[in-house]
Amino acid sequence: MKKGDNGLAGAGVLSAVTASLCCITPVLALISGASGVASTFSWMEPARPYLIGITVLVLGFAWYQKLKPRTAEEIQCDCETTCSAGEEDEKNPFMQTKIFLGIVTVFAALMLTFPSYAHIFYPLNDNKEVVIVNASDIQTVTFEVKGMTCNGCASHVENDVNRLPGVLNVDAVYEEAIAKVEFDKSKVSLTQIEEAINGTGYKVVGKK
């Protein structure tokens, strides 16, 4: 891999990370405790298909450059460069090898598919216990949430709302831009739930 190919590999990784930045940010926010920054890059979601395309094209071209047969002129040029530099080791540096390009490609693929497995980074709340005193206090409200763009975003909302006392179940669906919450209204209010959702960086724009 030549220096130009290294640049292509770097560009491929950058576009791959950028393509999934809207879903990487919520996980980083969870780890750092800065929950409010989760939706910082959600505005980039419409550009994701184009960034994926750029990544595939750039890395595809890098592999083409690496695998295509070298011309006699290129071989002669490399030989002259090696001889003029007085180098005895004809092996390429690691960053110019197929192995390095392969590692870069795998990393880019992991970044591109990050939205599909981002939810695994969020803790489960299956062991949460809520004591119901009066069944008539159980209420289910669907919140319309703006800014969720992937499963990671939905898991972020579910995680934060589930921390509230009195919340029985949370089901956030980013495709429908909703979060359905079942809760005990004697222990937690609609305002508290709405504040918890807004605290993730996504915004409640309505409820029903």
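Per an unreviewed UniProt entry, the chain is named Mercuric transport protein MerT, and its organism is Cyclobacterium qasimii. According to UniProt, the comment filed for the chain under the heading Function (unreviewed entry) is "Involved in mercury resistance. Probably transfers a mercuric ion from the periplasmic Hg(2+)-binding protein MerP to the cytoplasmic mercuric reductase MerA." Quoted verbatim from the Sequence similarities (unreviewed entry) field of the UniProt record, the comment on the chain reads "Belongs to the MerT family."

(A) Representation of the overall build of the chain. Secondary structure assignment for the chain yields 8 helices and 4 strands. For the chain, the N- to C-terminal ordering of α and β elements is α-α-α-α-α-α-β-α-β-β-α-β. Counted over contacts in the chain with a minimum sequence separation of 6, partners at least 24 positions apart contribute 76%. Of the roughly 12,000 Å² of accessible surface on the chain, a fraction of 60% belongs to carbon and sulfur atoms.

(B) Just the nonpolar core, in detail. The biggest cluster of nonpolar side chains holds 22 residues, and the ones touching the most others in it are Val161, Ile193 and Ile197. Of all the secondary-structure elements, those providing two or more residues to this core are β1 (138-146), α7 (151-162), β2 (167-173), β3 (178-184) and α8 (190-198). Per-element accounting of this core gives the leading share, 4 residues, to α7. Beyond its immediate stretch of four places on either side in the chain, Val161 contacts Val167, Val170, Val181, Ile193, Ala196 and Ile197. In this structure, Ala16, Phe100, Ala108 and Met111 belong to the second largest nonpolar core, which totals 11 residues.

(C) Representation of unusual backbone geometry. In this model, Ala177 sits at a positive phi of 55°, which is unusual for a non-glycine residue. Positionally, Ala177 belongs in the loop between β2 and β3. Judged by relative accessible area, which is 31%, Ala177 ranks as partly exposed.

(D) A look at the pattern of salt bridges. Taken as a whole, this structure holds 1 salt bridge when the rule is applied. Across the pair Glu194 and Lys207 runs a salt bridge, and its minimum N-O distance is 3.3 Å. Note that Glu194 is positioned in helix α8 and Lys207 in strand β4 (residues 203-207), a separation of 13 residues in sequence.

(E) Geometry of the environment of Asn151. Along the chain, Asn151 falls in helix α7. For Asn151, a relative accessible area of 33% translates into the label partly exposed. Linking Asn151 and Ile120, residues 31 residues apart in sequence, is a C-alpha distance of 9.7 Å. What Asn151 contacts, discounting residues up to four positions off in sequence, is Pro115, His119 and Tyr174.

(F) Structural view of the packing of helix α3 (residues 48-67) against helix α5 (residues 98-112). Their axes nearest at 11 Å, the elements α3 and α5 cross at an angle of 170°. Looking at the two axes, α3 sits roughly antiparallel to α5. By crossing handedness, the relation of α3 to α5 is classed as left-handed. Two secondary-structure elements touch here, α3 through Arg48, Ile52, Thr55, Leu59, Ala62, Trp63, Lys66 and Leu67 and α5 through Lys98, Leu101, Gly102, Val104, Thr105, Ala108 and Leu112. Split into classes, the residues belonging to the contact of α3 with α5 amount to 9 nonpolar, 3 polar and 3 charged.

(G) The arrangement of the sheet that holds β1 in detail. Strand order in the open sheet formed by 4 strands is β2-β3-β1-β4, and the pairing between neighbours is antiparallel. With partners counted over all chains shown, the strands left at the sheet margins are β2 and β4, one partner each. Strand-to-strand twist of the sheet, defined as the mean angle between neighbouring strand axes without regard to direction, takes the value 30°. Contacting β2 and β3, α7 crosses the sheet at an angle of about 165° to β2.

Parameters at a glance
- Residues numbered from 1 in each chain as written.
- Predicted model: local features only at pLDDT ≥ 70, side-chain atom pairs only at ≥ 80, totals over all residues.
- Heavy atoms only, no water.
- UniProt positions renumbered as here; feature names shortened; annotations may be inferred.
- Helix = DSSP H or I, 4+ residues; strand = E, 2+ residues; numbered from the N terminus.
- Contact = heavy atoms within 4.5 Å.
- Areas by Shrake-Rupley, 256 points an atom, 1.4 Å probe, with all protein chains shown as cover.
- Core = buried A, V, L, I, M, F, W, Y, C linked by side-chain atoms within 4.5 Å.
- Buried < 20%, exposed > 50% of the residue type's maximum accessible area, 1.4 Å probe, protein only.
- Salt bridge = Lys/Arg side-chain N within 4 Å of Asp/Glu carboxyl O.
- Axes fitted to C-alpha atoms, helices over the stretch in contact; angles between N-to-C directions.
- Parallel < 35°, antiparallel > 145°, perpendicular 65-115°, else oblique.
- Left-handed = near helix turned anticlockwise from the far one by under 90°.
- Nonpolar A, V, L, I, M, F, W, Y, C, P; charged D, E, K, R; others polar.
- Pairing = 2+ DSSP bridges.

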